[in-house]
Structure formats: structure tokens, C-alpha cells
Amino acid sequence: MANKKGRRRSFGSCRQLASGRWQVRYRDPETGLLRPAEKTYDTKTDAQVALTHIEADITRGQWTDPDAGDVNFAEYATAWLRDRKLADRTRERNESVMRLHIVPVFGAGSIADVTTARVRSWPGKLLAAGVGEPTVVKAYQLLRALMNTAVDDELIRRNPCRIKGADSYDVPERPVLSVAEVFGVADAIAPRYRLLVLLAAFTTLRFGELAALRRKDIDLNGRLVVVRRAQAELQNGRLFDKAPKSAAGVRTVSFPAELVDEISHHLKHYAADGQEGHLFIGPQGGQLRRSNFRDDWIKARKAAGVSAELHFHDLRHTGNTLASTAGASTRELMTRMGHSSSRAALIYQHMTSDRDRAIADRLGSMIRETEGKRAPKGEEHEGPLPS
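Residues numbered from 1 in each chain as written. Predicted model: local features only at pLDDT ≥ 70, side-chain atom pairs only at ≥ 80, totals over all residues. Heavy atoms only, no water.

## Quick word on the pairing of strand E7 (residues 239-242)
Inference 1: Bridge count for strand E6 (residues 230-233) against E7 is four bridges, and the pairing is antiparallel. Within E7, the residue paired with Gln231 across the bridge is Asp241.
Inference 2: Between E6 and E7, which pair antiparallel and follow one another directly, the connecting turn spans five residues, one of which, Gly237, has a positive phi of 95°. (Pairing = 2+ DSSP bridges. Helix = DSSP H or I, 4+ residues; strand = E, 2+ residues; numbered from the N terminus.)

Shown next as C-alpha cells:
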């Protein structure tokens, strides 16, 4: 670095302060002015080593302005969330996690104040306060994504979210029902939700996908259900349909022939009118809601005598297990369930409809075998609803 007369200006210097500690001063590569380093040092040698490191960083283009991170965290987080392209429900969840679990801890300081040490102690404090582990992991993942952007914006040099294992948690093994237990729950639940249980188990559709089904999505002759959309619910109670979680979620799934009569009965007595009418609706004719369905599910679960830990979503897990038993390969299971693969090629590979039908046929044989062992019961279905 030379001045106008051609003499090289010194890069920086070390000087001893009145306190006895040593200060490093170096030339800012952007302004050319001398500026003090962030830290002071016990000895002149330590200060000289620090000066050498700063000069090396500047020479390699790796130097970061220490003042760049002096941006209020809460303000930066608000702008970061606002500018992200997110689905309505995802945005709502992220804003909730940010507001409840991230901003209260880091919001008052600057981006540079978020250190690895603070991040390391933070998840444990959330868990101790009673926050569920999935939410804690989500909060960590959200903070890490935000700080990645701060690195890209050159506000900080390195992401402080480097805590091994903080971005995942062990999911406990979920209950799996037998075919007989699936029908036991279907028998015990309100008749208008019987098909909901059976389709969840034997097509492995998610609750939101089932709730979004229309009459036109059912092909009785082909024994197919077409998944085009999924229902979502915001915290204010607004329901809306959205695209499935991934491109693989848009799919056609075969169902066993043994469900044809069940579906025909449901279409006749419980589905909304018209091809655009929802397949599943509430007793008053409104859209199916998780919150309204929950009591019916708990009653049926108790009446059927299945695990008290069984969630409705576990029917999907059950169906996956049954399909695997029926001979489905990993690729076929992924296609049937609408899963995206870490190996992107599998997303674009579709199993043949004949093979999917074979899986449904094997499921049907399992149903027939179970039905043959079941004791006869009384009236299976309600009569038509009063007009």
C-alpha cells in the first residue's frame, strides 16, 4: 500500500494502552483509514500475531467489516421473513416460531451478537421451559437459515449455528395396526367418517389430502383416487386448498376392489353434491376440519381398543407397512405415498398402473382374509340423511 510519493504506507501498528494492554490498529481496506481491532491483547507479541492475521484476511479478500453485523436482529429477522417466498401456512408457522422462540432470546441485540455459545445453550433452555422437541428443532433450523442469509449479506463471516445434532430429533416408533384393527376403528367411528379411516389406511393419503378430495377425484371403475390438492388451515380458522407438499404429491393411487362398495355407499349418503363437491364433509354440511374430527377419532380409538397413542396420521404409517408387506418396492411405496426422494431421479420415475393395481389387489386379499374371520355385526351403515 503506497502513498502519493510512492512510499509504502504501513499496514498497521500495535501500541500499548494506559491499561497496559496492547491495541491493534490497521487500515480499513474500504476507506484506507486506520481503525482499531475489536479486541485488545495481553502482550505485544499477541497483538502482532493478530495484526498479521488481519492483513492476511484482507489480502485474501476474506476480511469482514466488524461493524457490518451491527444490525438489529429483530428488524433483520422481520425483513428476512417478509422477503421469503413461502406458502401461507408455512409463513404462519415460521412467524409463530420466530415470534415465540427466537426473537425473545436474540431480538434485542445485533446479528453479530448471535454467537455459537449462545446458540448452543438456547435449545436446552427451550426444552426446559416445556417447548416440544419438534418445535425446538424447527426454531434452530429457522435461525440457521436466517444466519446463512446474514453470511451471504456479509454481515457476519461464519454462521454461529454449528451445533451438532441440533437440527434433528429421534422420532418415536409409531403404532401400526393390523387390517382387523383398521376395520375395528372404522366400525367404531361415526359412519360418515368410516371411509375416511379406510382410505387413510389403504391408500395412505394424508388427512389434508383426504379433506380436499372431490367427487371427481374418485374413479370407481378404475379403482383410482386422484390427489390434486391438500387442505390447509390457518390459525384464524380459514381453510383453503393448496398444492401438495411436493411435486410427487400430485399422484393417482389405486384402492382395493373391496372398498368399491364402501365408496359407493359414502358417495350416496355423505358426500357433498356435484362433481366439485367434497368427498368428506361435517355433519352440518361444512368442510371437514381436524379440530372437529378429533373428538370422533378419540371416541372411535377408545371403542376399538387400539393404542391410546394412535394418531390419525398413523393410519398412513399402517398403510405403508401393509403395502410393503403386500410386496411394494421402496420406489413404489414412495410413489404411492407421494414422497420426494433425496435422489431426485426417483421423483420422475413412475411405477406402472398395473403394478399399483397389483399392490391394491394384495391389500384387498388381506381385507377378505380378515373379513372372513370377523363375526357378523348389525347394521353397517346409517340410512340416508333427512332432507
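And the narrative resumes.
## Focus: the sheet that holds strand E2 (residues 22-27)
Inference 1: The three strands lie next to each other as E1-E2-E3, forming an open sheet whose pairing is antiparallel. Looking at the sheet topology across the chains shown, the edges are occupied by strand E1 (12-16) and strand E3 (34-41). Across the sheet, the mean angle from the axis of one strand to that of its neighbour is 25°, orientation sign disregarded.
Inference 2: As defined by bridge partners, E1 adjoins E2 across five bridges and the pair is classed as antiparallel. Note that in E2 the partner of Ser13 across the bridge is Arg25. (Axes fitted to C-alpha atoms, helices over the stretch in contact; angles between N-to-C directions.)

## Details of the packing of aromatic side chains
Inference 1: Counted by the stated rule, this structure contains 10 aromatic pairs.
Inference 2: Measuring from ring centre to ring centre gives 5.7 Å for Phe207 and Phe293, while their planes differ by 40°; the resulting arrangement is tilted. Of this pair, Phe207 sits in helix H8 (residues 207-211) while Phe293 is found in helix H10 (residues 290-304), placing the two residues 86 residues apart along the sequence.
Inference 3: Looking at Phe293, the relative accessible area reads 3%, which means it is buried.
Inference 4: Taken together, a centroid distance of 5.4 Å and an interplanar angle of 80° make the contact between Trp297 and Phe312 edge-to-face. Here Trp297, found in helix H10, pairs with Phe312, found in the loop between H10 and helix H11 (314-325); they are 15 residues apart in sequence, far enough to count as distant. There is no split in this pair, since Trp297 and Phe312 are both buried.
Inference 5: Site record: aromatic cluster; members linked through ring pairs are Tyr193, Phe207, Phe293, Trp297 and Phe312. (Phe/Tyr/Trp six-rings, centres within 6.5 Å; stacked < 30°, edge-to-face > 60°. Buried < 20%, exposed > 50% of the residue type's maximum accessible area, 1.4 Å probe, protein only.)

## Description of the nonpolar core
Inference 1: Counting residues in hydrophobic clusters, the biggest one holds 45 residues, and the most contacted among them are Leu196, Phe202, Leu210, Leu279, Phe293, Trp297 and Phe312.
Inference 2: The biggest single contributor to this core is helix H7 (residues 194-203), with eight residues.
Inference 3: Counting residues in hydrophobic clusters, the runner-up holds 28 residues, among them Val97, Leu142, Leu146 and Met147. (Core = buried A, V, L, I, M, F, W, Y, C linked by side-chain atoms within 4.5 Å.)

## Focus: the environment of Arg289
Inference 1: The topology assignment puts Arg289 in the loop between helix H9 (260-269) and H10.
Inference 2: For Arg289, a relative accessible area of 24% corresponds to the partly exposed category.
Inference 3: Residues Arg289 and Gln231, spaced 58 residues apart in sequence, show a C-alpha to C-alpha distance of 9.2 Å.
Inference 4: Contact partners of Arg289, with chain neighbours within four places excluded, come to Phe207, Glu233, Gly237 and Leu239. (Contact = heavy atoms within 4.5 Å.)

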